[in-house]
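Residue-level structural notes
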Amino acid sequence: MLGGLLPASPAVAVGMIVVTTAVIWVGSGWLESSAEQLSAHYGLPPVIQGSIVVAVGSSFPELSSVVFTALAGVFDMGVGGIVGSAIFNILVIPALAGLAATGNLETNRELVYKEAQFYMIAVSALVITFALGVIYIPAPETPPLVGQITRPLAMLPLLLYGLYLFIQWQDVSEYTGDVELSDAIGRQWATLAGGLLLILVGVEQLVSAVEILTHTFGIPEFLAGVTIIAAVTSLPDTLVSVRAAREGRGLTSLGNVLGSNTFDLLVAIPIGVLLIGTVSINFAVAVPMFGVLTLATVLLFGFLRTDLSLTTPEAYALLVAYGLFVVWVIAETIGVINLVAAT
């Protein structure tokens, strides 16, 4: 931690978790406030503020984790962290936001039908990309269902994200809301950059602290990756969404969740491939995790479509669903069940 300046002891790690959580809280506050001012200045709708501006910013921890794991030659761990983070985002963040909101967490048809459906397309596109790698570029001297993802294959999800941005741009051009021009726009951009920097530094040190605790207490890497590390990298998204829900901005809160997951799946993972050139993907590990993500997505969207709001009982149901996911991962890790290969 801190470049080796602090000892790698459990007590120091716990203290670092407390400090870095506070740093991330401050950074997410800067990110959210500057994003709101910039969105008002440029006339962006609330949904796009959450799904693009705030979502991309708060997704920097996931993006950096993929880059670091790709450079370290453990890309599977990065993919697992992304999918685990996506499951956390879909189940836990809307639940906490719903509980923090005054009354029900309100949404609208635009978010449910456009953002939600495009997000489901993003999940399918990444599964198809992995499948193409297994079918056409199998990894040599590896078990079955291990394929290679190359730069041309990685361009498929990136092109789909380009389509997502084009659709959002079309919606911005049709938006007729009031535009509030803000003074000191340069200061708002600087605040946005400062918030991103705090989030990146905080999450990097927070992950290091969690890794020390997992090694100290013998927590398996698979369990730590899809639960602890995934939750840690999702902390900025959680803070932003809960704060927005508490202020009565449900569209920004939920838009951040869906936009962040769309960015992670269609941009973060492909960028890791583009940096390395070719990476191996174990389809037998990836597909069950994507199956859980799909079930979680169906559950959330079913709740959101009912009266276009998320109620308190539905929020608790999402938390229970995530608890069941954690139980399943623990059972896989200790060998009680074996639905995921090579865990």
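Anything mentioned here points back to the structure above.
Note that this is a predicted model, so its numbers are computed, not measured.

What about the pattern of salt bridges?
Within this structure, the stated rule accounts for one salt bridge. Put simply, Glu 247 and Arg 249 hold a salt bridge, and the shortest N to O gap is 2.7 Å.

What about the environment of Arg 243?
Take Arg 243: it is sitting in helix H9 (residues 235-246). With relative accessibility at 15%, the residue Arg 243 sits in the buried group. The spacing of Arg 243 and Ala 100 is 143 residues in sequence and 8.1 Å in space, taken between C-alpha atoms. Aside from chain neighbours lying at most four places away, what touches Arg 243 is Trp 25, Ser 28, Gly 29 and Glu 32.

A look at the pairing of strand S2 (residues 146-150)
With five of its five residues buried, S2 lies for the most part within the structure. Burial along S2 is two-sided: Val 146, Gln 148 and Thr 150 facing one way and Gly 147 and Ile 149 facing the other are all buried. Where S2 lies against strand S3 (residues 278-282), five bridges are found, and the strand directions are antiparallel. Within S3, the position partnered with Gln 148 by the bridge is Ser 280.

With respect to the nonpolar core
In this structure, Ile 87, Ile 90, Tyr 119, Phe 130, Phe 290 and Leu 293 are the most contacted members of the largest nonpolar core, which totals 69 residues. Not counting residues within four places of it along the chain, the set of residues in contact with Phe 290 comprises Val 83, Val 123, Leu 126, Val 127, Phe 130 and Leu 265. Core analysis: the second largest hydrophobic core is formed by 15 residues, Leu 31, Leu 38, Ile 199 and Val 210 among them.

A look at unusual backbone geometry
Of note in this structure, Leu 145 is not a glycine but carries a positive phi near 70 degrees. For Leu 145, the location among the structural elements is in the loop between helix H5 (109-136) and S2. Judged by its relative accessible area of 44%, Leu 145 is partly exposed. Here Asp 307, not a glycine, exhibits a phi torsion of approximately 60 degrees, which is positive. Within the secondary structure layout, Asp 307 lies in the loop between helix H11 (283-305) and strand S4 (309-310). Overall, Asp 307 belongs to the exposed group, its relative accessible area being 67%.

A closer look at the environment of Glu 204
Mapping Glu 204 onto the fold places it in helix H7 (residues 185-217). Considered as a pair, Glu 204 and Thr 20 are 184 residues apart in the sequence and their alpha carbons are 9.0 Å apart.

Regarding a nonpolar patch on the surface
On the surface, Ile 330, Ile 334, Val 336 and Ile 337 cluster together into a nonpolar patch covering about 350 Å² of accessible area. Note that Ile 330 resides in helix H12 (residues 312-334). A residue is classified by how much of its surface remains accessible, and Ile 330, at 36% relative accessible area, is partly exposed.

Looking at H7
Between the first and last C-alpha of H7 there are 48 Å, a value that for 33 residues agrees with the 48 Å anticipated at 1.5 Å per step. Gly 218 occupies a position one or two residues after H7 and carries a positive phi of about 70 degrees.

Conventions and cut-offs
- Residues numbered from 1 in each chain as written.
- Predicted model: local features only at pLDDT ≥ 70, side-chain atom pairs only at ≥ 80, totals over all residues.
- Heavy atoms only, no water.
- Salt bridge = Lys/Arg side-chain N within 4 Å of Asp/Glu carboxyl O.
- Helix = DSSP H or I, 4+ residues; strand = E, 2+ residues; numbered from the N terminus.
- Buried < 20%, exposed > 50% of the residue type's maximum accessible area, 1.4 Å probe, protein only.
- Contact = heavy atoms within 4.5 Å.
- Pairing = 2+ DSSP bridges.
- Core = buried A, V, L, I, M, F, W, Y, C linked by side-chain atoms within 4.5 Å.
- Patch = residues over 30% accessible without salt bridge, like charges linked within 9 Å, V, L, I, M, F, W, Y side chains within 5 Å.
- Areas by Shrake-Rupley, 256 points an atom, 1.4 Å probe, with all protein chains shown as cover.
- Expected span 1.5 Å × (residues − 1).

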